[in-house]
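Structure at a glance
What follows is each chain in one-letter form.
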Amino acid sequence: MSDLHQMTKTTPKDFLTATLGGLFAPGLTIFMIVMLFLGIQKNMGQPDTEPVADQIVRERIKPFGQSLAIDPNAPKVELTGTQVYTEVCGGCHESGALDSPKFKEKADWGKRIAQGYPTLLEHALKGYNKMPARGGDPELSDLEVARGVVYMTNAAGANFEAILKKEVEPTAAELARGKTVYVDNCAYCHDSGLTGAQKLGDAQAWKPLLKEGKDYLYNAAINGSFGGPAKGGNTKLSDADTRLAVDYMVAEAKAVIAAAQPVKQAAAQ
Ligand code: HEC
Ligand code: HEC
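The structure displayed is predicted, hence computed values, not measured ones. (Residues numbered from 1 in each chain as written. Chains lettered and ligands numbered in written order. Predicted model: local features only at pLDDT ≥ 70, side-chain atom pairs only at ≥ 80, totals over all residues. Heavy atoms only, no water.)

A few points about the environment of Tyr 117
Rules: Secondary structure is summarised from DSSP: a helix means a run of H or I of at least four residues, a strand means a run of E of at least two, and numbering begins at the N terminus for each. Working definition: with a 1.4 Å probe on protein chains only, accessible area under 20% of the residue-type maximum means buried, over 50% means exposed, and in between means partly exposed. By definition in these notes, contact holds between two residues if any of their heavy atoms fall within 4.5 Å. We call two N or O atoms a polar contact when they sit within 3.5 Å, provided that within protein one can donate a hydrogen and the other can accept it, with sequence-adjacent residues counted only if both atoms are side-chain atoms.
Note on placement: Tyr 117 falls in helix 7 (residues 117–126). When its relative accessible area of 10% is taken as the criterion, Tyr 117 is described as buried. Other than its neighbours up to four places away in sequence, Tyr 117 contacts Ala 146, Val 149, Val 150, Phe 160, Glu 161, Ala 162 and Ile 163. Within polar-contact distance, the side chain of Tyr 117 engages the backbone oxygen of Ile 163 at 2.8 Å.

Structure follows, in structure tokens:
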């Protein structure tokens, strides 16, 4: 009994310790709250520097960022001639590297310009000696390469316009004939995608083919390509009819691609 009494007895010293300890904790909390408040007030007066830095970075990467970095699903925005030159062609032509005709150097460009725009464009698209096809950037569209050519040649005294060779559009009657030929000779593989045949109206499969141009596709259809048999395996089919079937396939692909475009654009806005 006396032990128990001993334990619960509070001395004045115990009392003092407990009281100070009890006051200390809330005191510290109040102190911290005050400091935090002062800290917040101090920061409010200062401009936040981060958005400014962000702005500068965005400004600097603008030519790339606007079309490529922000929305990977946005439709491709064609670069201007200046942008194509700055990003790709200038790599050689600015300094005249690899004996390339130097930018604005009329002596370098005169004879080349005299060849005419179509030849220059063809050389820029397909490559020419040490000049790599599309300046070495396969991502550039035909139009972008054309703009690069025009930008450089006009800077050296030419007066060209970025025109691409226009493919002749088939008439409605030709397309109707093409469809018949297609159904009879090509649909067997190209409707189903059999053995890897590009399916009719499959935008993904046809986009790279359209880039090759109709001459390439006619040739592939008439003479056969990798897995595709010549004339779809029907040797009696005329070249003209085979071409019309290709015209029909191309028209179907273009229609699907065109139909998908406004939707994508709307989504990107
Ligand atoms: C890797 C270096 C390099 C890059 C990058 C490059 N070129 Fe060239 N380019 C050359 C060279 C070298 C020649 C000269 C070829 C020759 O005449 O043998 C040339 C020549 C040309 C010619 C003249 C062809 C002719 O028929 O005389 C054109 C047009 C041209 N380049 C356009 C472009 C365009 C457009 C770009 C950018 C999309 C580009 N080049 C990027 C190296 C380059
Ligand atoms: C027996 C199956 C088959 C038939 C029938 C067929 N094709 Fe194909 N075709 C293919 C395959 C497989 C490919 C894919 C080749 C490849 O991998 O590039 C192809 C590819 C093509 C291509 C793209 C060329 C390329 O480089 O890929 C064209 C154009 C084409 N066919 C046109 C036709 C036309 C026109 C007909 C009818 C007259 C036809 N095909 C009938 C199997 C067929």
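And the narrative resumes.
Some points on the coordination of the iron atom of ligand 2
Convention followed: Here the coordinating atoms are restricted to nitrogen, oxygen and sulfur within 2.8 Å of the metal centre, or 3.2 Å for Na, K and Ca, and because water is not among them the sites may look incomplete.
From the protein, the iron atom of ligand 2 takes a single donor atom, His 190 (NE2), 2.0 Å away. On the secondary structure map, His 190 appears in helix 10 (residues 187–190).

Description of the site of ligand 1
Put simply, the rule is: Any residue with a heavy atom positioned within 4 Å of a molecule or strand is treated as near that molecule or strand.
The local shell around ligand 1 holds 25 residues, among which Cys 89, Cys 92, His 93, His 123 and Met 131 are the closest. For ligand 1, an oxygen atom lies 2.6 Å from a polar atom in the side chain of Arg 112. His 123 is positioned with one of its side-chain polar atoms (N or O) 2.5 Å from an oxygen atom of ligand 1. At the level of elements, helix 5 (81–93), helix 6 (106–114), helix 7 and helix 8 (142–155) are the ones that each hand at least two residues to the shell around ligand 1. Ranked by residues supplied to the shell around ligand 1, first place goes to helix 5 with five residues.

With respect to the site of ligand 2
Applicable threshold: Gly is put with the polar residues, along with every residue not named as nonpolar or charged; the nonpolar set is Ala, Val, Leu, Ile, Met, Phe, Trp, Tyr, Cys and Pro, and the charged set is Asp, Glu, Lys and Arg.
The full set close to ligand 2 counts 24 residues, and Cys 186, Cys 189, His 190, Gln 198 and Tyr 216 are the nearest of them. The contact in question runs from a nitrogen atom of ligand 2 to an N or O atom on the side chain of His 190, over 2.9 Å. A distance of 2.6 Å separates an oxygen atom of ligand 2 from a polar side-chain atom of Tyr 216. Put simply, the parts of the chain that give the shell around ligand 2 at least two residues each are helix 10, helix 12 (214–223) and helix 13 (239–268). Considering every element that reaches the shell around ligand 2, the biggest residue donor is helix 12, with four residues. Looking at the shell around ligand 2 residue by residue, the classes come out as 14 nonpolar, nine polar and one charged.

A short note on the side chain of Asp 247
Position of Asp 247 among the secondary structure elements: in helix 13. A relative accessible area of 7% means that Asp 247 is categorised as buried.

Focus: helix 5
At 3.6 residues per turn, the α-helix brings residues three or four places apart onto the same side. Which entries qualify depends on this criterion: The span one expects for a helix is its residue count, reduced by one, times 1.5 Å. Throughout, the bend at a residue refers to the angle made by two axes, fitted to the seven residues ending there and to the seven starting there.
Here helix 5 contains 13 residues, and its C-alpha end-to-end distance of 14 Å is more than 12% below the 18 Å for a straight helix at 1.5 Å per residue. A bend of about 50° at Glu 87 is the largest found in helix 5. Against the buried residues of helix 5 lie helix 6 and helix 8.

Quick notes on the packing of helix 5 against helix 8
Rule in force here: Interaxial angle, 0 to 180 degrees, is taken between N-to-C directions of lines fitted to C-alpha atoms, where a helix line uses only the stretch in contact. An angle counts as roughly parallel when it lies under 35 degrees, as roughly antiparallel when it exceeds 145, as roughly perpendicular when it falls between 65 and 115, and as oblique in every other case.
Contact geometry for helix 5 and helix 8: axes closest at 9 Å, N-to-C directions at 75°. Taken together, the axes of helix 5 and helix 8 lie roughly perpendicular to each other. Listed contacts from helix 8 to Gly 81, Thr 82, Val 84, Tyr 85, Cys 89 and His 93 of helix 5 are Glu 144, Arg 147, Gly 148, Tyr 151 and Met 152. Residue classes in the contact of helix 5 with helix 8 are distributed as five nonpolar, four polar and two charged.

Structural notes on the pattern of salt bridges
Just so we agree on the cut-off: What counts as a salt bridge is simple: a side-chain nitrogen of Lys or Arg found within 4 Å of a carboxyl oxygen of Asp or Glu.
Applying the stated criterion to the full structure yields six salt bridges. Lys 214 is paired through a salt bridge with Asp 247; the nearest N and O atoms lie 3.4 Å apart. With Lys 214 in helix 12 and Asp 247 in helix 13, this pair connects stretches of sequence that are 33 residues apart. Neither residue differs from the other here; Lys 214 and Asp 247 are each classed as buried. For Asp 239, the salt bridge is made with Lys 231, and the minimal N-O distance between the two is 2.7 Å. Residue Asp 239 is classed as partly exposed on the basis of its relative accessible area of 34%.

Overview of the packing of helix 7 against helix 8
Condition: In a left-handed crossing the near helix is turned counterclockwise from the far helix by less than a right angle, and in a right-handed crossing that turn is clockwise.
Their axes nearest at 10 Å, the elements helix 7 and helix 8 cross at an angle of 125°. Relative to helix 8, the element helix 7 lies oblique. Taken as a pair, helix 7 and helix 8 cross one another with a handedness that is right-handed. Across the interface between the two elements, Tyr 117, Leu 120, Leu 121, Ala 124 and Leu 125 from helix 7 touch Asp 142, Val 145, Ala 146, Val 149, Val 150 and Thr 153 from helix 8. Considering only residue class, the contact of helix 7 with helix 8 consists of nine nonpolar, one polar and one charged.

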